[in-house]
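Single-letter residue listing:
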Amino acid sequence: MLKLTYTENGFYLERLSGSLEEWVTSRVMLALRAASSLWVGSSTASFLLPADMPQLADLEKAVRQQTIDDISLSICDADYIEVTLKGNWMTSNPNGEEGVFVVKLSDRTEFFLSKLWQDSQTYASVTNE
């Protein structure tokens, strides 16, 4: 399972073990116990990866092998590829832009996405220096 946490300063992607249903259930139970609002719904999430990353071909191959359409890759421009995921959005403010997005993909696809995102963060910090 992939968890994308969107904040006012950007987002963070992490790969979690365990079932999506169990994770969502525990998140809902936490909100109930804390007496806080939680909105959950089907949605999409997108993020960019640099188009010149050498491992991108491995991700493209893994996406082609997916049996469901929960992920798509699109050319954004000469420098970036847009990754779009279909999953579940959870937030305390339904009109806000902060929250958590979770999706279950094949292990191979999740691995490549997680690795590419981590590598892109290093790539971005090296490029900015």
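Just above sits the structure.
Here the structure is a predicted model, which is why all the values come from computation and not from measurement. (Residues numbered from 1 in each chain as written. Predicted model: local features only at pLDDT ≥ 70, side-chain atom pairs only at ≥ 80, totals over all residues. Heavy atoms only, no water.)

Caption draft 1: Summary view of helix 2 (residues 56–65). Along helix 2, the residues that are buried comprise Leu 56, Leu 59, Ala 62 and Val 63. Buried residues along helix 2 cover an arc of 120° about the axis, so they all sit on one side. (Buried < 20%, exposed > 50% of the residue type's maximum accessible area, 1.4 Å probe, protein only. Helix = DSSP H or I, 4+ residues; strand = E, 2+ residues; numbered from the N terminus. Arc of directions from axis to C-beta.)

Caption draft 2: Layout of the environment of Glu 14. Following the sequence through the fold, Glu 14 ends up in strand 2 (residues 10–15). As for Glu 14 and Trp 89, which are separated by 75 residues in sequence, their C-alpha atoms are 15 Å apart. Not counting the four nearest positions on each side in its chain, Glu 14 is found in contact with Met 1, Leu 2, Lys 3 and Thr 5. (Contact = heavy atoms within 4.5 Å.)

Caption draft 3: The pattern of salt bridges, seen in detail. If you walk through the whole model with that rule in mind, you get six salt bridges. In this structure, the salt-bridge partner of Asp 107 is Arg 15, at a minimum N-O distance of 3.7 Å. Note that Asp 107 is positioned in helix 3 (residues 107–128) and Arg 15 in strand 2, a separation of 92 residues in sequence. The partner of Lys 104 in a salt bridge is Asp 107, and the shortest N-O contact between them spans 3.6 Å. Connected through shared salt-bridge partners, Arg 15, Lys 104, Asp 107 and Glu 110 make up one network. (Salt bridge = Lys/Arg side-chain N within 4 Å of Asp/Glu carboxyl O.)

Caption draft 4: Geometry of the side chain of Ser 114. Counting through the fold element by element, Ser 114 comes out in helix 3. By relative accessible area, Ser 114 is classed as buried at 9%. Ignoring anything within four residues of it in the chain, the contact list for Ser 114 reads Leu 13 and Arg 15.

Caption draft 5: Focus on the environment of Ala 78. With respect to the helices and strands, Ala 78 occurs in the loop between strand 4 (71–75) and strand 5 (80–91). Spatially, the C-alpha atom of Ala 78 lies 7.2 Å from that of Ala 51, the residues being 27 residues apart in sequence.

Caption draft 6: Examining the packing of aromatic side chains more closely. Taken as a whole and judged by the stated rule, the model has six aromatic pairs. With a centroid separation of 5.3 Å and an interplanar angle of 45°, the aromatic rings of Phe 11 and Phe 47 are classed as tilted. Here Phe 47 lies in strand 3 (residues 39–50) and Phe 11 lies in strand 2, a separation of 36 residues in the sequence. On the basis of relative accessibility, which here comes to 24%, the residue Phe 11 falls in the partly exposed class. The class of Phe 47 is buried, set by a relative accessible area of 4%. Geometrically, the ring pair formed by Tyr 12 and Trp 117 is edge-to-face, given 5.1 Å between the ring centres and 90° between the ring planes. You can see Tyr 12 sitting in strand 2 and its partner Trp 117 sitting in helix 3, a full 105 residues away along the chain. For Tyr 12, a relative accessible area of 46% corresponds to the partly exposed category. Note on Trp 117: relative accessible area 5%, which makes it buried. (Phe/Tyr/Trp six-rings, centres within 6.5 Å; stacked < 30°, edge-to-face > 60°.)

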